[in-house]
Amino acid sequence: MATTVSSTTSTQEKLQRARAASTRLALLSTEEKNVLLLAIADAIEAQEKSILAANRADVEDSGLEGAMRDRLLLTPARIKEMARGVRDVAALPDPIGEILAEWNKSNGLRIRKVRVPLGVVGIIYESRPNVTVDTAVLALKAGNAIVLRGGKEATQSSQRLVEIMTAVPGVPEGAIELLDSSTRHSVQELIKARGLVDVIIPRGGAGLITFVTENSTVPVIETGAGNCHVFVDESADFEMADRIVINAKTQRPSVCNAAEKLLVHERVAAEYVPRIVRKLIDAGVEVRGDGKARSLAAGLHVRPAAEQDWYEEYLRLCMAVAVVANVADAIAHINRYSTKHSDSIVTRDEGNAQKFLRGVDSAAVYWNASTRFTDGAEFGFGAEMGISTQKLHCRGPFALVELTSSKYEIVGTGQVR
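Since the model is a prediction, treat every value here as computed from it, not as a measurement. (Residues numbered from 1 in each chain as written. Predicted model: local features only at pLDDT ≥ 70, side-chain atom pairs only at ≥ 80, totals over all residues. Heavy atoms only, no water.)

### Quick look at the sheet that holds strand E1 (residues 99-104)
Taking strand neighbours across the sheet as the criterion, the three strands line up as E1-E2-E16 in an open arrangement whose pairing is antiparallel. The sheet terminates laterally at E1 and strand E16 (404-411), the two strands that pair on one side only. Put simply, the sheet's adjacent strands are angled 20° from each other on average, direction ignored. Here E1 pairs with strand E2 (residues 110-117) via five bridges, running antiparallel. Bridge pairing in E2 places alanine 101 opposite lysine 113. (Pairing = 2+ DSSP bridges. Helix = DSSP H or I, 4+ residues; strand = E, 2+ residues; numbered from the N terminus. Axes fitted to C-alpha atoms, helices over the stretch in contact; angles between N-to-C directions.)

In structure tokens form, the structure reads like this:
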């Protein structure tokens with residue numbers, strides 16, 4: 001059985017335990033891994049009261065308000081959702097051992113390319129306790145050890161969740177390690193642990209991601225900040241557009257797939273801008289706009305948008321609105337200012353939709369749907385490690401398959417070269 005979290009164990013000791021555990025995890029069968037995951041789901045539900053108590057202490061100590069407080073908060077419903085996500089991961093096909101290619105050479109050698117675990121995954125994330133569970137169970141299912149470095153605001157929540165998971169009989173010691181979140185020193189040690197850690201995943205705001213990508217000596221899968229856009233084209237169904245814009249902005253504004261910018265085609269802007277600005281304000285959204293949008297929304301409280309607004313990920317109930325000339329202008333605006341995360345067009349015109357889908361250089365591009373669907377669970381992955389905005393190894397929501405590599409197995413009968 002794995003040991004519980006200890007604040008006295010050094011980062012190096014935890015990394016070495018994770019490295020040792022990774023070799024044991026790689027040998028577990030699919031059935032063995034699924035038994036562990038189902039036991040973890042049951043344990044999380046059984047320990048709901050202690051999880052909520054730890055989380056309540058975090059929330060009270062954090063001083064966070066609004067959307068940022070919501071990111072940290074756990075509720076009975078969210079704990080049930082967390083456990084359901086673990087069971088969903090258990091139900092997914094196991095990628096490990098999958099034969100990606102196989103062929104025979106004329107000399108009798110049989111060569112096959114096989115999917116294998118990455119080894120040790122390090123993840124650095126901010127104050128979302130569900131990430132502690134989601135990423136740990138994905139790593140286990142893919143046969144990896146994981147080293148977690150969560151945000152200090154969620155220290156007690158993350159520690160309690162790791163204690164619960166590592167107490168499940170059969171989880172190898174070192175399979176799930178939690179680093180000290182009270183100091184940045186643990187981040188420095190993790191991102192410099194080349195040879196002990198195989199990949200680092202930074203999951204959080206732009207500052208965290210930039211710091212890790214610029215300073216890590218371990219390979220990084222870069223998850224992106226979400227400066228996401230909705231473009232309302234000239235042929236858009238306004239009622240559909242209203243639903244998509246309001247959902248994308250307000251359903252959970254503190255997450256990376258929430259929309260931050262709204263672009264409106266100039267041919268419908270006179271009608272649509274005041275309509276949607278009024279709805280956004282009624283929903284509690286602070287609205288900023290370019291000169292055209294502010295003029296069209298005269299009489300409504302729309303603050304002027306500065307150049308920096310078009311780059312900013314607000315992570316709160318704030319949205320900037322701009323009027324654009326056409327779909328090409330919308331694409332150019334998005335490709336200039338976005339973080340290449342998720343962007344959507346609302347239109348009845350299939351030609352314009354195809355231009356948008358092909359022209360916008362983002363990980364997820366939508367036609368007539370909210371950006372809020374860019375999520376591992378919504379894509380059918382059970383959970384996610386994050387949403388990658390880079391182009392190597394993986395892009396978009398990633399989970400089990402992207403937590404693997406491959407190797408070649410060659411079977412011979414005594415051949416020599």
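Having seen it, we continue.
### Regarding the pairing of strand E8 (residues 259-265)
Taken residue by residue, a regular strand's side chains alternate between the two faces of the sheet. Burial within E8 is extensive, with seven of its seven residues counted as buried. Sheet topology places strand E7 (residues 228-232) next to E8; five bridges connect them, and they run parallel. From the neighbouring strand, valine 232 faces E8, where its bridge partner is valine 264. At this point the chain moves from E7, through helix H10 (residues 238-250), to the parallel E8, and the crossover so formed is right-handed. In this sheet, strand E11 (residues 318-324) lies alongside E8 in parallel orientation, the contact comprising five bridges. Each bridged residue has a counterpart across the sheet, and for valine 264 the counterpart in E11 is valine 323. (Buried < 20%, exposed > 50% of the residue type's maximum accessible area, 1.4 Å probe, protein only. Right-handed = clockwise from strand over helix to strand, strands pointing away.)

### What about helix H5 (residues 76-91)?
Taking 1.5 Å per residue as the helical rise, H5 with its 16 residues ought to reach 22 Å, and the 23 Å between its terminal C-alpha atoms agrees with that figure. Ile79, Met82, Ala83, Gly85, Val86, Val89 and Ala90 are the residues of H5 that are buried. End-on view of H5: buried residues confined to an arc of 150°, all on one side of the axis. Opposite the packed face of H5, turned more than 90 degrees from it, sit the exposed residues Ala77 and Ala91. Looking at the buried positions of H5, the neighbouring elements they touch are helix H2 (30-46), helix H3 (48-62), helix H6 (129-141) and helix H7 (155-166). (Expected span 1.5 Å × (residues − 1). Arc of directions from axis to C-beta. Contact = heavy atoms within 4.5 Å.)

### Structural notes on a nonpolar patch on the surface
A contiguous nonpolar surface patch, about 330 Å² in accessible area, is contributed by Trp103, Tyr408 and Ile410. Along the chain, the position of isoleucine 410 falls in strand E16. Taking the relative accessible area as the measure of exposure, isoleucine 410 reaches 48% and is therefore partly exposed. (Patch = residues over 30% accessible without salt bridge, like charges linked within 9 Å, V, L, I, M, F, W, Y side chains within 5 Å. Areas by Shrake-Rupley, 256 points an atom, 1.4 Å probe, with all protein chains shown as cover. Salt bridge = Lys/Arg side-chain N within 4 Å of Asp/Glu carboxyl O.)

### Thoughts on the packing of H6 against H7
At their nearest, the axes of H6 and H7 sit 8 Å apart, and the two run at 30° to each other. In terms of axis orientation, H6 runs roughly parallel to H7. As for how H6 packs across H7, the hand of that crossing is right-handed. Note on element contacts: H7 touches H6 through Ser157, Ser158, Leu161, Val162 and Met165, opposite Pro129, Thr132, Val133 and Ala136. Per-class residue counts for the contact of H6 with H7 are six nonpolar, three polar and no charged. (Parallel < 35°, antiparallel > 145°, perpendicular 65-115°, else oblique. Left-handed = near helix turned anticlockwise from the far one by under 90°. Nonpolar A, V, L, I, M, F, W, Y, C, P; charged D, E, K, R; others polar.)

### Concerning the pattern of salt bridges
Applying the stated criterion across every chain, the model contains 29 salt bridges. The residue arginine 17 makes a salt bridge to glutamate 173 at a minimum N-O spacing of 3.9 Å. Of this pair, arginine 17 sits in helix H1 (residues 11-25) while glutamate 173 sits in the loop between H7 and strand E5 (176-178), and the two are 156 residues apart along the sequence. The residue glutamate 286 makes a salt bridge to arginine 316 at a minimum N-O spacing of 3.3 Å.

### Points about the pairing of strand E12 (residues 342-346)
Of all the five residues making up E12, five are buried; the element is thus mostly covered by neighbouring parts of the structure. Where burial is concerned, the two faces of E12 agree: the one with Ser342, Ser344 and Val346 and the one with Asp343 and Ile345 are both buried. With four bridges connecting them, E7 and E12 associate as parallel partners. Paired with phenylalanine 231 across the bridge in E12 is isoleucine 345. In the sheet, E12 pairs with strand E13 (residues 364-367) via four bridges, with the strands oriented parallel. Considered in E13, the bridge of serine 342 is made with alanine 364. Handedness of the crossover joining E12 and E13 through helix H14 (residues 350-359) is recorded here as right-handed.

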